[in-house]
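# Structural overview for review
Each chain, written out:
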Amino acid sequence: DPDAGGAVGILTTSRGFVASYAQNGDFRWARTLAEEYSEARDIGLSEDGAILMTGSAWHSGIVNEWGGIATDAFVKRLNADGRGGGTAWVEGGTGGNSEGITITAGPCGGVFAAGFFRGEVDFDDGPGVSSAQAMGPPPNNHSAWFGLWDSTGRFAWSRMWGSAAGGSVADDIA
């Protein structure tokens, strides 16, 4: 229960959440991620007070090439009051996995995020396609990714890197 006063209730789902508290510790609000079996790995703030999050969400019923549940990375922006914003996806399709590991505010309200992926993924969750194939042999064939989304959540660009041995992960950005 993020609100010790009991106004919110216990969050009993398998969804990640974010909560806001005043400087004196008073509870303001809490929001769960809309995606079931989601996990927020990093959180940040933009200059305008927006909350930035990255992580991954499982896709029940979709099995990846290693026999596990497929995951897609997300890049999420909430307004300072916890409402609005948007979510962008790094989509693994039917065989790839992606995870967001780190996030930071970029220029003009944009968002930089980074992480890793396996198999083939599409960084542009809009009508365009910006796909990449991870390097290296299974099961270590994960490559690192780094991308920029604008203040509305629209994909701008991404870069990936790795090695023939696989095992590349982007752990932090500055």
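Residues numbered from 1 in each chain as written. Predicted model: local features only at pLDDT ≥ 70, side-chain atom pairs only at ≥ 80, totals over all residues. Heavy atoms only, no water.

### Here's the deal with the nonpolar core
Convention followed: To define a nonpolar core, start from buried Ala, Val, Leu, Ile, Met, Phe, Trp, Tyr and Cys residues and group those joined through side-chain atoms within 4.5 Å. To sort residues, take the accessible area from a 1.4 Å probe on protein chains only and compare it with the maximum for the residue type: under 20% means buried, over 50% means exposed, and anything in between is partly exposed. Helix and strand labels come from DSSP, where a helix needs a run of H or I of at least four residues and a strand needs a run of E of at least two; each type is numbered from the N terminus. What makes two residues a contact is simply this: any of their non-hydrogen atoms within 4.5 Å.
If you look at the biggest cluster of nonpolar residues, it comprises 15 residues, and the most contacted ones within it are Val75, Ile103, Ala113, Phe117, Phe123, Trp145 and Trp149. Only β5 (69–78), β8 (111–118) and β11 (142–149) provide two or more residues apiece to this core. Considering each element in turn, this core owes the most residues, 3 residues, to β8. Among residues more than four places away in sequence, those in contact with Ala113 are Thr54, Val75, Thr102, Ile103, Trp145, Phe146, Gly147, Trp149 and Ile173. Counting residues in each nonpolar core, the second largest holds 9 residues, with Val18, Met53, Ala57 and Phe74 among its members.

### What to know about the packing of aromatic side chains
Here is the rule we go by: Stacked, edge-to-face and tilted labels apply to pairs of Phe, Tyr and Trp rings (six-membered ring for Trp) whose centres lie within 6.5 Å, assigned for plane angles under 30 degrees, over 60, and everything in between, in that order.
For the structure shown, the criterion picks out 6 aromatic pairs. Ring centres of Trp145 and Trp149 lie 6.0 Å apart, and the angle between their planes is 80 degrees; on these two criteria the pair is classed as edge-to-face. The exposure class of Trp149 is buried, given its relative accessible area of 1%. Here the aromatic cluster, defined as three or more aromatic residues joined through ring pairs, consists of Phe112, Phe146 and Trp157.

### So, the side chain of Ser98
The following threshold applies: Polar contacts, as counted here, are pairs of nitrogen or oxygen atoms within 3.5 Å of one another; within protein the pair requires one atom able to donate a hydrogen and one able to accept it, and residues that are adjacent in sequence qualify only if both atoms are side-chain atoms.
Mapped onto the fold, Ser98 is located in strand β7 (residues 97–105). Within the structure, the side chain of Ser98 is placed 2.8 Å from the backbone nitrogen of Ala73, a separation counted as a polar contact.

### Regarding the pattern of salt bridges
Short version of the rule: One side-chain nitrogen of Lys or Arg within 4 Å of one carboxyl oxygen of Asp or Glu is enough to make a salt bridge.
Under the counting rule described, the total for this entry stands at 4 salt bridges. Linking Arg41 and Glu99 is a salt bridge whose minimum nitrogen-to-oxygen distance equals 2.8 Å. Of this pair, Arg41 sits in strand β3 (residues 38–45) while Glu99 sits in strand β7, and the two are 58 residues apart along the sequence. Under the relative-accessibility criterion, Glu99 is labelled buried at 16%.

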